[in-house]
Amino acid sequence: VRCRVLCNEASWRLKAGPHAGTVNKLVFDAAGEHFEQSTRHLHSEPATVGDVCPVPLPITSPLRREQGVEFVIHVVSPTVNKSHTDYMPLNDAAAALRQCYTRAFNRAYKVCQQAR
């Protein structure tokens, strides 16, 4: 499936480290060796729940060459895991997740409009 924008669930760290999810790590690996550096350059501050952090992919990125992805939008979603420092009760997390989806879709739309 080819797409121009890929939304990636990310932690506040915005990197593919030992605390990142499996899909997040796969996105970082597929985007190429400089993707984490590009992410850090554009988004140097720790992210918070609800943040959407777009990162353009260069033409040299394998993810762009092979799948047509021009932007990865990192989305920091809420957690209901009580052992996490950013834990949210279920009702608060549901509202925050709705906000994450709204922000992610709005940012994807803006990115696609600007790239035309």
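Read on for a plain summary of the structure. (Residues numbered from 1 in each chain as written. Predicted model: local features only at pLDDT ≥ 70, side-chain atom pairs only at ≥ 80, totals over all residues. Heavy atoms only, no water.)

Among the surface-exposed residues, V80, Y87 and L90 lie close enough to one another that they form a single nonpolar patch of about 290 Å² accessible area. With respect to the helices, strands and loops of the structure, L90 is situated in helix α4 (residues 90-114). By relative accessible area, L90 is classed as exposed at 62%. (Patch = residues over 30% accessible without salt bridge, like charges linked within 9 Å, V, L, I, M, F, W, Y side chains within 5 Å. Areas by Shrake-Rupley, 256 points an atom, 1.4 Å probe, with all protein chains shown as cover. Salt bridge = Lys/Arg side-chain N within 4 Å of Asp/Glu carboxyl O. Helix = DSSP H or I, 4+ residues; strand = E, 2+ residues; numbered from the N terminus. Buried < 20%, exposed > 50% of the residue type's maximum accessible area, 1.4 Å probe, protein only.)

Moving on, we get to the packing of aromatic side chains. In this description, an aromatic ring pair is defined by two values, namely the gap between the centres and the angle between the planes. All told, the structure shown has two aromatic pairs when counted by the stated rule. Relative to F35, the ring of F28 lies with its centre 4.9 Å away and its plane at 65 degrees, an arrangement referred to as edge-to-face. Between Y101 and F105, the aromatic rings sit 6.3 Å apart at their centres with planes inclined by 25 degrees, giving stacked as the arrangement. Taken together, the residues Y101 and F105, both in helix α4 and four residues apart, mark about one turn of the helix. Considered together, Y101 and F105 belong to a single accessibility category, that of exposed residues. (Phe/Tyr/Trp six-rings, centres within 6.5 Å; stacked < 30°, edge-to-face > 60°.)

Let's shift gears to the sheet that holds strand β3 (residues 71-76). Read across the open sheet, the three strands follow the order β1-β3-β2; overall the sheet is mixed. In this open sheet, the two strands that pair with only one neighbour each are β1 (5-10) and β2 (52-56). Across this sheet, the average inter-strand angle for adjacent strands is 25 degrees, counted without regard to direction. Bridging between β1 and β3 involves six bridges; their strand directions are parallel. (Pairing = 2+ DSSP bridges. Axes fitted to C-alpha atoms, helices over the stretch in contact; angles between N-to-C directions.)

This part covers the pattern of salt bridges. Here the structure, examined in full by the defined rule, presents two salt bridges. One salt bridge in this structure joins K25 and D29, with 3.0 Å as the shortest N-O distance. Residue K25 and its partner D29 are located together in helix α1 (residues 22-31), separated by four residues, close to a single helical turn. A residue is classified by how much of its surface remains accessible, and K25, at 39% relative accessible area, is partly exposed. Its relative accessible area of 48% is what places D29 among the partly exposed residues.

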